[in-house]
Amino acid sequence: MVVCSLVRMTRRSLGNLVCFGNRAVSLLYGHSLRPLHTSTCNNSSQPKAGFKPEKVAVVTKTTRYEFEQQRYRYAGLSEEDLKQLLAMKGSSYSGLLERHNIHTNNVEHIVKSLRREGINVRVVKRGEYNEEVVRWADAIISAGGDGTMLLVASKVLSKDKPVVGVNTDPERSEGHLCLPVRYTHAFPEALEKLCRGEFRWLWRQRIRVHLEGTGINPTPVDLHEQQLSLEQHNQAHRITTMDIQRRTGTLTESFSKPSLLPIRSLNEIFIGESLSSRASYYEISVDDGPWEKQKSSGLGICTGTGSKAWSYNINKLAEQAVEEVLKIGKSQTALDIPLNQSFIQKVTDEYNESLVFSPDDRRLLYSIREPIVNRVFSSSRQRGFASKVCVRSRCWDACMVVDGGTSFEFNDGAIATISMSEEDQLRTVLLEH
C-alpha cells in the first residue's frame, strides 16, 4: 500500500521526484543532507546543585504474569489452571514468571538503594497511581518500560516535579524514555550522580487538549483496565457515558464550552474510528487556518519525544519504496542515480532519521494516516509542523487516545484543540552512559 501511494504521489508531482533525485545525488557526492526537521531550542540544562528528594514514589508496571492473574481472578482459577490456560494460548507460564521475578528484583534494588540514602519511599502499583500520589512525592520513579513512563508522566501536571524512568526488564523492553540500561543494575551510581549534580535536566514538551462541542464525555477509559475487564472498547465508553447521564440526569448532546482535559501527552494523540477498517471522517484546521474535510485511517499528533515512536513508524519509508521512487526519478530525469543496495539504504536511513526531532522542540507534528483523496475529500499536506491543531469529529464511533493508554470518546460534533504550553513541560533526567 505504501509503494502504491508513493507511485500515485509521484504521478501527481513530478517536481517532488526531481527534488528527491537531487537529494539522492547530494548523498552520492558526499554533500550532507539537511534534516527536514530540526530543533528550534535547547531546553536541557546543567543543574546548579545536586538533587536529592526527600519523598519518592516508585510506580511499578504490571507484568504479563500479573496481568494474566488479574485478568482471570474473578473466574476462580488456580495456579495450575492458569498454567494450562496459558499453554492453550501458546504462552509459557515459566517464562512469564521468570520475567516477573526479574522485574520484581530490580524494583527491590531501586527501593533499597533509595532507602539507604535516607529517602522516604512509597511503592505504588500502576492501578493505584493517582493524583494523591503525585502530590505526596517530591520526585517519581517509573519502574517498568516506556508504557509505565507514559502513564506516570500523564498525571504529573507540574513542570517542577522530576520524573525518572528505570527499565526493569531491559531484555524485553526498549526503554527509550528510561535511564541508560546499565543503571538498572547500578542504580546507586545513578543516585550518586544526581546528588553530585552530574546530570542534565531535560524539559520534554507535552501536548494539552481542550474539548468542546456536542456529545462530549470527559471521563476517560483506562485501556489497560479495559483489557483486564475483557470489555470491548466502544462498550467501555458507552458504559461511562450512561453513568454520567444517570448521575447528572442530563444528556451529553448539549453543547459544551472548551474544557482542558486533566491529562498531558508525552508521546502522541491519536484520533480515529474504534473499528480500524472504517474510515475516519473529520475536519481539521492547522494554526487557525481554513477547515479541511478529510477521510483517512486516523490522525496522529506527536511531540519531539513521540517522533521516535508511532509517528516514526507511520511516516518512515521502506527500502523497497525508496528503490521504486528512485527508479522513477531516474527514468524521468537525466540524473545518473545509482540503484545499488548500499546507496538505497543510505537514502532510506537519511530520510527516516530526518523524521525525528528534539524532545524540547515547541512544535507539534501532525500525520494523516492513509488519506483518501478524491473530488470530495482532500489532504493538502500529509504531515507538517504546527503550533495548534483543531479537529472536529464527523465520526460514528471514534476515540481520542492519549499515549496509547487513555481513551476519550470523540464522536460527531466534538471538537479538540491540541496545543502546547510552557507550563506543561515534563522535567526529566539525562545521565551519560
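Visitor: Help me understand the packing of helix α3 (residues 64–71) against helix α5 (residues 93–116), please; the structure alone is not making it clear to me.
Guide: Between two packed helices, what matters for the description is the angle formed by their axes and the separation of those axes. Following both chains from N to C, one finds α3 and α5 inclined at 120°, their axes separated by 7 Å at the closest point. In this structure, α3 uses R64, Y65, E66 and E68 to contact α5, whose residues at the interface are Y93, L96, L97 and H100. Here the residues of the contact of α3 with α5 are counted per class, giving four nonpolar, one polar and three charged.

Visitor: Any chance you could explain the pattern of salt bridges here in plain terms?
Guide: The full count for this structure, using the stated rule, is 22 salt bridges. D424 is paired through a salt bridge with R208; the nearest N and O atoms lie 2.5 Å apart. Taken together, the positions of D424 in the loop between β19 (414–419) and β20 (426–430) and R208 in strand β7 (residues 208–213) put the pair 216 residues apart, joining distant regions of the chain. Residue D424 shares its accessibility class with R208, and that shared class is buried. Where R362 meets E422, a salt bridge forms, and the shortest distance between an N and an O atom there is 2.6 Å. Note that R362 is positioned in the loop between α13 (341–353) and β14 (364–368) and E422 in the loop between β19 and β20, a separation of 60 residues in sequence. If you follow the salt bridges from partner to partner, you end up with R208, R264, E423 and D424 in one network.

Visitor: Can you help me understand helix α8 (residues 187–196) in this one?
Guide: Residues that lie three or four places apart on an α-helix share one face, since the helix turns once every 3.6 residues. When α8 is considered as a whole, its buried residues turn out to be F187, A190, L191, K193 and L194. The arc enclosing the buried residues of α8, seen along the axis, measures out at 160°, which places them on a common side. Elements that come into contact with the buried residues of α8 comprise α5, β4 (139–144), β5 (163–167) and β20. Just downstream of α8, G197 is the residue with a positive phi angle, here 80°.

Visitor: Hey, could you run me through the pairing of strand β18 (residues 406–409) in this one?
Guide: Side-chain positions along a regular strand alternate between the two faces of the sheet. Going residue by residue along β18, you find T406 and F408 tucked away on one face and S407 and E409 tucked away on the opposite face as well. With two bridges connecting them, strand β8 (residues 221–222) and β18 associate as antiparallel partners. Bridge pairing links D222 to T406 in β18. Of the pairings in the sheet, the one linking strand β17 (residues 398–402) to β18 comprises four bridges and is antiparallel in character. Within the sheet, the bridge partner assigned to V402 lies in β18 and is T406. Connecting β17 to the antiparallel partner β18 that follows it, the hairpin turn spans three residues, and D403 within it adopts a positive phi of roughly 50°.

Visitor: How do you make sense of helix α12 (residues 319–332) when you look at a structure like this?
Guide: Taking 1.5 Å of rise per residue, the 14 residues of α12 would be expected to cover 20 Å, and the 20 Å separating its terminal C-alpha atoms lies within 8% of that figure. Looking at α12, one finds that the buried residues are A321, V322, V325, L326 and G329. Mapping the buried residues of α12 onto a view down its axis gives an arc of 130°, with all of them on the same face. Away from its buried face by more than 90 degrees, α12 exposes Q320 and S331.

Visitor: Would you mind showing me how to read the environment of I368 here?
Guide: Its place among the elements puts I368 in strand β14. By relative accessible area, which is 2% here, I368 ends up buried. Spatially, the C-alpha atoms of I368 and Q382 are 5.2 Å apart, while their sequence positions differ by 14 residues. Apart from the residues within four sequence positions on either side, I368 is in contact with Y282, I284, Q294, S296, G298, L299, S379, R381 and Q382.

Visitor: How should I be thinking about the side chain of S421 in this particular structure?
Guide: In this fold, S421 is placed in the loop between β19 and β20. On the accessibility criterion, S421 (17% relative accessible area) is buried. Discounting residues that sit within four places of it in the chain, S421 has contacts with Q205 and R208.

Visitor: Looking at this model, I keep getting lost on the packing of α3 against helix α4 (residues 79–88). Mind explaining?
Guide: It is the contact of α3 with α4, at a shortest axis distance of 11 Å, that shows an interaxial angle of 110°. Taken together, α3 and α4 sit at an angle that is classed as roughly perpendicular. Taking contact as the criterion, the partners of Y65, E68 and Q69 in α3 are, on α4, E79, L82 and L86. Across the contact of α3 with α4, the residue classes break down as three nonpolar, one polar and two charged.

Visitor: I tried to follow the sheet that holds β18 on my own but got confused; where do I start?
Guide: In sheet architecture, strand pairing relies on hydrogen bonds along the backbone and comes in two forms, parallel and antiparallel. Spatial ordering of the open sheet is given by β8-β18-β17-β10-β13-β14-β15, a layout of seven strands whose pairing is antiparallel. Both outer strands of the open sheet, β8 and β15 (383–386), are each paired with one neighbouring strand and no more. The pairing of strand β10 (residues 268–273) with strand β13 (residues 299–302) spans four bridges and is classified as antiparallel. Paired with F270 across the strands is G300, a residue of β13.

What counts and how
Numbers given to residues run from 1 along each chain, matching the order in which its sequence is written. The predicted nature of this model means local features are confined to residues of pLDDT at least 70 and side-chain atom pairs, given and counted, to a pLDDT of 80 or more, with totals for whole chains, interfaces and linings taken over all residues. Side-chain numbers here rest on the full set of heavy atoms in the structure, without hydrogens or water. Each axis is a line fitted through C-alpha atoms, taken for helices only over the stretch in contact, and angles between the N-to-C directions span 0 to 180 degrees. Here a helix means four or more residues in a row that DSSP labels H or I, a strand means two or more in a row labelled E, and each is numbered from the N terminus. Contact between two residues is taken to exist if any of their heavy atoms lie within 4.5 Å; hydrogens are not considered. Here the nonpolar group is Ala, Val, Leu, Ile, Met, Phe, Trp, Tyr, Cys and Pro; Asp, Glu, Lys and Arg are the charged ones; every other residue, Gly included, is treated as polar. In what follows, salt bridge is the name for a side-chain nitrogen of Lys or Arg lying within 4 Å of a carboxyl oxygen of Asp or Glu. Only protein chains enter the accessibility calculation, which uses a 1.4 Å probe. A residue is then buried if its area is under 20% of the maximum for its type, exposed if over 50%, and partly exposed in between. Along the arc lie the directions from the helix axis toward the C-beta atoms. Any two strands between which DSSP finds at least two bridges are classified as paired. One less than the number of residues in a helix, times 1.5 Å, gives the span that helix is expected to have. An angle below 35 degrees is read as roughly parallel, one above 145 as roughly antiparallel, one from 65 to 115 as roughly perpendicular, and any other as oblique.

Keep in mind these values describe shape, not function.
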